[in-house]
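Residue-level listing of the chains:
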Amino acid sequence: MSEKGDFPGLSWRNILYAILVYVGVALIFTALGLLLAPQTAQVGGTRPEETIPGHLAELAVFGLLLGLGSTVIYGIKGLPLAFLTTVLTVALDIDHLPAYLGYAETIRPAHSLVFAIAAMAITAITIKELDIELVVASSFMAHMAVDTGLFAPFSPITFGYVELGPYRLLFAAGAVVCALAAGVVLRIRTVANRSGGPSLVA
Ligand SMILES: [Zn+2]
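Conventions we followed
- Residues numbered from 1 in each chain as written.
- Predicted model: local features only at pLDDT ≥ 70, side-chain atom pairs only at ≥ 80, totals over all residues.
- Axes fitted to C-alpha atoms, helices over the stretch in contact; angles between N-to-C directions.
- Helix = DSSP H or I, 4+ residues; strand = E, 2+ residues; numbered from the N terminus.
- Left-handed = near helix turned anticlockwise from the far one by under 90°.
- Contact = placed C-beta atoms within 7 Å.
- Nonpolar A, V, L, I, M, F, W, Y, C, P; charged D, E, K, R; others polar.
- Parallel < 35°, antiparallel > 145°, perpendicular 65-115°, else oblique.
- Buried ≥ 20, exposed ≤ 12 C-beta atoms within 10 Å, placed from the backbone.
- Expected span 1.5 Å × (residues − 1).

A packed helix pair is summarised by two numbers, namely the angle formed by the two axes and the spacing between the axes. Two elements in contact, helix α1 (residues 12-36) and helix α5 (residues 113-126), have axes whose closest approach is 10 Å; the angle formed by their N-to-C orientations is 145°. At the point where α1 passes α5, the crossing takes the right-handed sense. Contact with α1, carried on its side by Ala-18, Val-21, Tyr-22, Val-25, Ala-26 and Phe-29, involves Phe-115, Ala-118, Ala-119, Ile-122, Thr-123 and Thr-126 of α5 and no other residues of that element. Here the contact of α1 with α5 is composed, by residue class, of 10 nonpolar, 2 polar and no charged.

Now for the packing of helix α2 (residues 52-74) against helix α7 (residues 168-194). Two elements in contact, α2 and α7, have axes separated by 8 Å at closest approach and are oriented at 30°. It follows from the interaxial angle that α2 and α7 lie roughly parallel. In this structure, α2 meets α7 at a crossing whose hand is right-handed. Where α2 abuts α7, its residues Leu-66, Gly-67, Gly-69, Ser-70, Thr-71, Val-72, Ile-73 and Tyr-74 lie against Ala-175, Val-176, Ala-179, Leu-180, Ala-182, Gly-183, Val-184, Leu-186 and Arg-187.

Turning our attention to the environment of Thr-148. With respect to the helices, strands and loops of the structure, Thr-148 is situated in the loop between α6 (130-146) and β1 (150-151). According to the C-beta neighbour criterion, Thr-148 is exposed, with 11 such atoms within 10 Å. Expressed as a C-alpha distance, the spacing of Thr-148 and Gly-165, which sit 17 residues apart in the sequence, is 6.3 Å. With near-sequence residues (within four places) excluded, Thr-148 lies in contact with Leu-164 and Gly-165.

Now for α6. For an α-helix, the turn length of 3.6 residues means that residues three or four places apart are oriented alike. Between its terminal C-alpha atoms α6 stretches 24 Å, which fits the 24 Å expected from 17 residues at 1.5 Å a residue. For α6, the tally of buried residues reaches 17 of 17 residues, placing the bulk of the element in the interior.

In structure tokens, the structure reads:
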């Protein structure tokens with residue numbers, strides 16, 4: 001879905017497509033959790049209702065800050081990356097949908113390294129824009145850095161739960177590095193495109 005022009009890869013079509021892929025894969029992982037996990041692992045619930053808006057706001061703010069980091073490196077026309085990072089950072093919680101609807105489910109079925117790899121792989125295959133892949137990685141890690149409590153790192157392969165706490169700082173650092181790298185990649189690719197030189201990606 002590469003597009004020629006001054007700002008290759010930063011079309012709104014690619015941005016919206018990346019959101020669809022991310023949400024779609026998260027919902028598939030949610031369904032896989034429901035189908036594959038043993039009853040003993042179907043213990044996911046929702047946080048107290050009054051804390052949900054604050055938590056979503058925290059996620060959105062961290063995503064926005066990371067996206068603005070990409071934009072600062074690339075320039076003002078990189079603002080769609082800030083939009084994408086903000087939306088994706090919040091969107092991972094779509095995997096709580098069954099619990100909100102009153103069904104038993106696994107804890108955070110898409111808050112999984114397997115999900116991150118799957119979402120990045122599908123984005124890489126279909127969009128073929130490294131900056132967007134880096135935003136996907138950054139947004140996933142940003143969400144994990146803000147969350148607390150249990151997650152299943154290898155869902156839906158196994159549903160062993162571990163505490164997020166010891167890994168949050170690592171996720172935060174990874175989120176920052178990938179957000180900055182996204183800005184760098186987009187900048188390099190745009191310069192190469194303008195000068196007629198080789199692009200970083202096909
Ligand atoms: Zn979450």
